[in-house]
2 protein chains.
Amino acid sequence: MKQGKISNRVIRRLPKYLRQLQELADNDVDHISSGELGSKMGLTASQIRQDFSCFGEFGQQGYGYSVEKLLTEISAILGVELDYPTVLVGVGNLGRALAINFDFASIGYRLMAAFDVDPDLIGTTLSGIPILSMDDIEDYVRENHIIAAVLAVPRTVTHEVTLHLQNCGIRAICNFTNTDLGLQNTDILVENVLFSDSFLTLGYYLAEELRAESSDIQEDTL
Amino acid sequence: MKQGKISNRVIRRLPKYLRQLQELADNDVDHISSGELGSKMGLTASQIRQDFSCFGEFGQQGYGYSVEKLLTEISAILGVELDYPTVLVGVGNLGRALAINFDFASIGYRLMAAFDVDPDLIGTTLSGIPILSMDDIEDYVRENHIIAAVLAVPRTVTHEVTLHLQNCGIRAICNFTNTDLGLQNTDILVENVLFSDSFLTLGYYLAEELRAESSDIQEDTL
């Protein structure tokens, strides 16, 4: 694997490449040209070639890219094989949905335990992992060398829980609380999953369509 | 509001501007310079000025931007005031989490009903909205002029449910199923909320850090 600094913009496209390539592999496609891959992803052939040149050479002039080689290489770059020890923090509806429906193992995370404050939940299991008391989270993270936390607690306790995670040296947080964790000046890596951004973006495109339609109607009635 | 084609890249930044400006307004900040706003958002002053110039002039040389004006204008561009009639499809853990915890009204969506196949749920309510039978979804969408659907059904029924939504003329889908809806060649607007992309991106940065640390260790032991 070629090393070096890859721009954030390219990195954010890697999961999309991975998904697209997985689909091609599932459909028994061996090779694909930068043009074909580009048209599937809404990118130009030259953008594809430029992206891939950031981390090595996968293609051969006239043959296109090997789907399998690309899949292996991009998975490695994304650390999919690294199996990060992970905890789920918060076993409400969202935490439960993630533990039950989301395949953490397939993308490099090993979910080892969940934490909550509800005495009815503590001591039970969820998708095969134990639900433990939030009081024990710092000890557990230290003793089990936990690297990542999936944060799915209510907004009101987000700050308090984030402090616990910071105290025990967590390395990365995938934040589903829809609030800012205020960890800008720390070494902790944070990825915010902000549902509102998706709805707002969708709202923009809807508004644009509705405006266009209403101006069509106005023109028709002139 | 200045009209015209705004690039997708700028549009995807609008929700982030909205969040940042809301925070400034909450902290009683009246004006902000492009430099200050840029440093809060990880952008350069000139990127900020360029973005804002796409949809009009909000700033005055030497005074910076009016936070309130920007908030009003960006909210309007995003269609936050438009109140899109919306249904929730799927009342599992994730659908429940969304209905209970997510403030749809504040970002322009009016949640009117939820749909599920579970006879124990049908006829009950969730966060003040009725849970109706999936059999009735096409009629309901048509009769109530529903514009948007929040899709939170299990992966296995995604295709079938998507067909229902397509049949009854839904305009937009916010897709939480983590699968592709296959609606590329239709007029339906789709926004995919892909949890895996967030985890994969986080995994990349973690892998990068761990590689750097292990090479530090190797150098120390030379």
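Above: the structure in question.
Since we're looking at a predicted model, the values are computed, not measured.

Enquirer: Which residues make up the sheet that holds strand β8 (residues 148-151) of chain B, and what are the values?
Expert: All names here are of chain B. In spatial order, the strands read β6-β7-β5-β4-β8-β9-β10; together these seven strands make up an open sheet with mixed pairing. Across the chains shown, the open sheet's two edge strands, defined by having one partner strand only, are β6 (125-126) and β10 (189-192). Pairing of β6 with strand β7 (residues 129-133), which is carried by two bridges, proceeds in the antiparallel orientation. Bridging across to β7, Leu126 finds its partner in Ile129. Lying over the sheet, helix α7 (residues 158-167) contacts β4 (84-89), β8 and β9 (172-175), oriented at roughly 170° with respect to β8.

Enquirer: Which residues make up the pairing of β10 of chain B, and what values go with them?
Expert: All names here are of chain B. The two faces of β10 differ: Leu189 and Glu191 on one face are buried, but Val190 and Asn192 on the other face are not. Sheet topology note: the β9/β10 ladder contains four bridges and is parallel. The partner of Ala172 across the bridge, within β10, is Leu189.

Enquirer: Account for the relation of the copies chain B and chain A, naming residues and giving values.
Expert: In this structure, two copies of a chain are linked by a rotation about an axis accompanied by a shift along it. The transformation that overlays chain B on chain A combines an axial shift of 0.0 Å with a rotation of 180°, and the residual RMSD is 0.0 Å. Such a combination of turn and shift is consistent with a two-fold rotation axis. Taking C-alpha positions as reference, the residue of chain B nearest the rotation axis is Asn93 of chain B, located at 2.4 Å. Interface residue correspondence from chain B to chain A reaches 100%, placing this contact among same-surface, isologous pairings.

Enquirer: Could you give me a rundown of a negative patch on the surface, with the residues and numbers involved?
Expert: A contiguous patch of negative charge on the surface is contributed by Glu23, Asp26, Asp28, Asp30 and Glu68 of chain A together with Asp180 of chain B. For Asp26 of chain A, a relative accessible area of 57% corresponds to the exposed category.

Enquirer: Account for the packing of helix α1 (residues 8-26) of chain B against helix α2 (residues 34-41) of chain B, naming residues and giving values.
Expert: All names here are of chain B. The geometry of α1 relative to α2 is characterised by a closest axis approach of 11 Å and an angle of 110° between their N-to-C directions. Taken together, the axis directions place α1 and α2 in an arrangement best described as roughly perpendicular. Between α1 and α2 the crossing geometry is right-handed. Between α1, through Lys16, Tyr17, Gln20 and Leu24, and α2, the contact on the second element is made entirely by Leu37, Lys40 and Met41. Partitioned by chemical class, the residues of the contact of α1 with α2 number four nonpolar, one polar and two charged.

Enquirer: So what about unusual backbone geometry? Which residues, and what values?
Expert: Residue and element names in this part refer to chain B. In this model, Asp28 sits at a positive phi of 60°, which is unusual for a non-glycine residue. Overall, Asp28 belongs to the exposed group, its relative accessible area being 68%. Backbone geometry places Asp83, a non-glycine residue, at a positive phi of 60°. Its location among the elements puts Asp83 in the loop between α4 (67-77) and β4.

Enquirer: Mind laying out the environment of Ile188 of chain B, listing which residues take part and the relevant values?
Expert: Residue and element names in this part refer to chain B. Tracing the chain through its elements places Ile188 in the loop between β9 and β10. Overall, Ile188 belongs to the buried group, its relative accessible area being 13%. Along the sequence, Ile188 and Ile146 sit 42 residues apart, while their C-alpha atoms lie 13 Å from each other. The contacts of Ile188, once residues within four sequence positions are left out, are Gln166, Ile170, Arg171, Ala172, Ile173 and Leu183.

Enquirer: So what about the sheet that holds strand β8 (residues 148-151) of chain A? Which residues, and what values?
Expert: Residue and element names in this part refer to chain A. Spatial ordering of the open sheet is given by β6-β7-β5-β4-β8-β9-β10, a layout of seven strands whose pairing is mixed. A strand with exactly one partner marks an edge of an open sheet, and here the two such strands are β6 (125-126) and β10 (189-192). One ladder, built from six bridges, connects strand β4 (residues 84-89) with strand β5 (residues 109-116); its direction is parallel. What sits directly across from Leu88, in β5, is Ala114. Across the face of the sheet, helix α7 (residues 158-167) comes into contact with β4, β8 and β9 (172-175) while running at roughly 170° to β8.

Reading guide: rules and limits
- Residues numbered from 1 in each chain as written.
- Chains lettered and ligands numbered in written order.
- Predicted model: local features only at pLDDT ≥ 70, side-chain atom pairs only at ≥ 80, totals over all residues.
- Heavy atoms only, no water.
- Pairing = 2+ DSSP bridges.
- Helix = DSSP H or I, 4+ residues; strand = E, 2+ residues; numbered from the N terminus.
- Contact = heavy atoms within 4.5 Å.
- Axes fitted to C-alpha atoms, helices over the stretch in contact; angles between N-to-C directions.
- Buried < 20%, exposed > 50% of the residue type's maximum accessible area, 1.4 Å probe, protein only.
- Least-squares fit on C-alpha atoms with pLDDT ≥ 70 in both.
- Patch = residues over 30% accessible without salt bridge, like charges linked within 9 Å, V, L, I, M, F, W, Y side chains within 5 Å.
- Areas by Shrake-Rupley, 256 points an atom, 1.4 Å probe, with all protein chains shown as cover.
- Salt bridge = Lys/Arg side-chain N within 4 Å of Asp/Glu carboxyl O.
- Lys, Arg positive; Asp, Glu negative; His and termini not counted.
- Charge placed at Lys NZ, Arg CZ, Asp CG, Glu CD.
- Parallel < 35°, antiparallel > 145°, perpendicular 65-115°, else oblique.
- Left-handed = near helix turned anticlockwise from the far one by under 90°.
- Nonpolar A, V, L, I, M, F, W, Y, C, P; charged D, E, K, R; others polar.

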